[in-house]
Amino acid sequence: MGSDRDDAAEAGTVVTPSAEFPPLGDEERAALGRIGERWRGPRRADDLPVDPALGRHDHHPAPTRFGRLAPIDMFTVAQPDELVATGAADLPADRAGRAATRLRRALIGPPLSSASVLYERMRKLVALPVLSSDLLSSVAYGPEAMLVVLVLAGSAALGLALPLAAVLVVLMVAVGLSYRQTIPAYPHGAGSYIVAGDNLGRTPGLAAAAGLMLDYVLTVSVSVAAGVHAVTSALPGLSPWAVPLGVLVIVVLLAGNLRGVRTAGNIFVLPTYAFVVVLVAVLAVGYAKAAARGFAPVPPPSVPAAEGLGLLLVLRAFSSGAVSMTGIEAVSNAVPAFRPTEWRNARTTLGWMVAMLVTLFAGLVGLIHLDGLVPRADETLLSQLGRVTFPTGPWYAILQATTALILLLAANTAFNDFPRLLFFMARDGYAPRRFLHMGDRLAFSNGLVALALTAAVVFVAFGGHTERLIPLYAVGVFLAFTLSQTGMVVHWRRRRGPGWRRRLAVNAVGAALSGLVLLTAAVAKFTEGAWVVVLAVPLLVLLFRRIHGHYARLHHALALHPPPPAPPAEGDELPQQVRHLVVVPVARLNRASLRALAYATSLGRPTLAVHLAPEEAEADRFREQWRAWGDHLRLETIVSPYRSVIGPLAHYLEALHAASPDLTLTVIVPEVVLRRRRYRLLHSRAEQRLRVALRALPGVVVTSVPVHVSR
């Protein structure tokens, strides 16, 4: 299975705009040639009443009443049989649509060409704060989460904080080293989902993906809630507006990420670095004061015991402190977002992240112990530490401000990884294919919107008070950690390369400790809300499998097979088997598109096929498939570098009509008809959007050739 993924990566189907257009398999290519051998068209491929190569006209067609701009300006000539859509081709024809497009571009910026995908990547100095905001912000509440449980056994139990912190540091290092080994082994990203799926089976991979998805949603809602709470604590007058403020923050994060990876990185760099600098200052000054008194710990105030000190309480404290590790997997999921060499830069960035996490976490736990601080309901431990360290001056206010800001922006890590995880799942058929699409700014817009909507719903449903969701963190994220590292143990046992025993030992330690945290959190926090994740993970896995089953049935129904002597109903893929057509948009060569082409050719009228590709590589690949089929019809390829389909196609048809106004264009669109309504959300329904776009254009008829999928 891993080799198949590598082959797919080499074919350019990992994180490129062409991932929406998977190549044909060997069997389908052979079937395509056999179908082409039996194809008998009534006319030559180039016998058309109008030249589809718009840019090669001596006299350009003039603007029409329908089009405010000259249609010929919508396209440029790249090479024979290929046009390239310009940015103007993305604009809708109606005034309201153009206004909406301009507003969108004002908010998120002008669209980027597909060729810019390599430039929309992060260098290490930008990737470090962008991908570590969730991880580093967790040190603001991770140590306190551990001490809140220990203090239940009285102030004497706080002495266990240091050995527990030492074990947690071992866990952090083990998990960090594990993911450092995962990155070069799986350089195309997706982390736990790919590792668990390749080595443990598809169900563990989907379970890891479900755990990460829940973690990302909770990261956004809880981080925003914590940040808004910090703001309203400083400005109590804003308390009644906590929920609208939180939703506004989510919208701002969404807008920032819709502007693209590089722009979003530049926006969120400064707050993360500022938080790290301030915390380092706190540690430096705090330990300097402790050194002045010989590192003698200040006795903590007496706190009565609420329950006995036992193994279960210690394990609960350990699992609570482990929330400081949420976000450590972010880099392995986002390897393709780095500049080349991707895996090397990602591994270096992860090393710096883990080093910063260990330094800040261990330093804060040690300083809290030396200063004799205990958790209080009215003030966070970090705030207490700031007051003790900086009793005068502006540093305390700066600490609180940067803490609030990093908590708000911690959600940005989820906005980076959630859509990318959905992309890999959609590529494998376990999520709707619309998540493969890159938006105007080469970001996974559909995944970003899905995350923002889900997190906003959770945030609003809990009224902005999402503290009860914090216990769910450990269950979801450590499920992914455990499965990923167990998968790497299997990986090293299979590969047995140089140093495999050492690598296996590192992953085995990480898997054991992660599994311990997972089991403890699931049992000890079950009644506190962990049951939600325990229930949600198998339900999500079931949903993923249902989606995959639908796509598998659809692929089987549309796959190319050698033509039978007597085809069944809706199996007529050859022109001599049908009777009627003219312009056929073809996204990919399958049974639906071949049936539309056959129907078009059978009408006995000149027939033109049009293919829109997001980049040159996909255009070349499709033309090669077209030749394998037999090149029976004239094919015009349009490269749409901004990945828009409906706009360039509508403007192209308008230009054809302008070149010969007396010509009636009949656009034949292949349409997959699904028997079950619930599956319709898994498809883009492009034929309906094209029909709306062409409704006002005179002389153009849009019809569809249905192919029914019975299951």
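Treat the numbers as computed from the prediction; the structure is a model and nothing was measured.

What counts, and at which threshold
Residues numbered from 1 in each chain as written. Predicted model: local features only at pLDDT ≥ 70, side-chain atom pairs only at ≥ 80, totals over all residues. Heavy atoms only, no water. Helix = DSSP H or I, 4+ residues; strand = E, 2+ residues; numbered from the N terminus. Buried < 20%, exposed > 50% of the residue type's maximum accessible area, 1.4 Å probe, protein only. Areas by Shrake-Rupley, 256 points an atom, 1.4 Å probe, with all protein chains shown as cover. Core = buried A, V, L, I, M, F, W, Y, C linked by side-chain atoms within 4.5 Å. Contact = heavy atoms within 4.5 Å. Expected span 1.5 Å × (residues − 1). Pairing = 2+ DSSP bridges. Right-handed = clockwise from strand over helix to strand, strands pointing away.

## Notes on the overall build of the protein
Assigned secondary structure in the protein consists of 24 helices and seven strands. In the protein, buried positions account for 57% of the 711 residues. Looking at the protein as shown, the accessible area adds up to about 28,900 Å², and 63% of this sits on carbon and sulfur atoms.

## Remarks on the nonpolar core
One finds Phe415, Met425 and Phe478 to be the most contacted residues of the largest nonpolar core, which totals 148 residues. Setting aside chain neighbours within four positions, we find Phe415 in contact with Val220, Ile250, Leu253, Leu254, Asn257, Leu448, Leu451 and Ala452. Judged by nonpolar contacts, the second largest core, of 27 residues, contains Leu608, Val610, Leu649 and Val667.

## Here's the deal with the environment of Pro300
Note that Pro300 resides in the loop between α10 (261–292) and α11 (311–321). According to the relative accessible area criterion, Pro300 is partly exposed, its value standing at 36%. Taking C-alpha positions, Pro300 is 8.8 Å from Leu158, a pair spaced 142 residues apart along the chain. Once residues within four sequence positions are removed from consideration, Pro300 is found in contact with Leu158, Gly372 and Val374.

## Section: helix α15 (residues 395–409)
When the terminal C-alpha atoms of α15 are compared, their 21 Å separation across 15 residues agrees well with the 21 Å that a helix rising 1.5 Å per residue should span. Among the residues making up α15, those that are buried are Tyr396, Leu399, Thr402, Thr403, Ala404, Ile406, Leu407, Leu408 and Leu409.

## A closer look at the pairing of strand β4 (residues 608–613)
With six of six residues buried, β4 is to be regarded as a mostly interior element. Neither face of β4 is open: one carries Leu608, Val610 and Leu612, the other Ala609, His611 and Ala613, and all of them are buried. Strand direction decides the pairing type here: strand β3 (residues 583–585) and β4, joined by three bridges, are parallel. Within β4, the residue paired with Pro585 across the bridge is Val610. With helix α21 (residues 591–602) bridging β3 and its parallel neighbour β4, the resulting β-α-β unit is right-handed.

Purely geometric numbers; function is a separate question.
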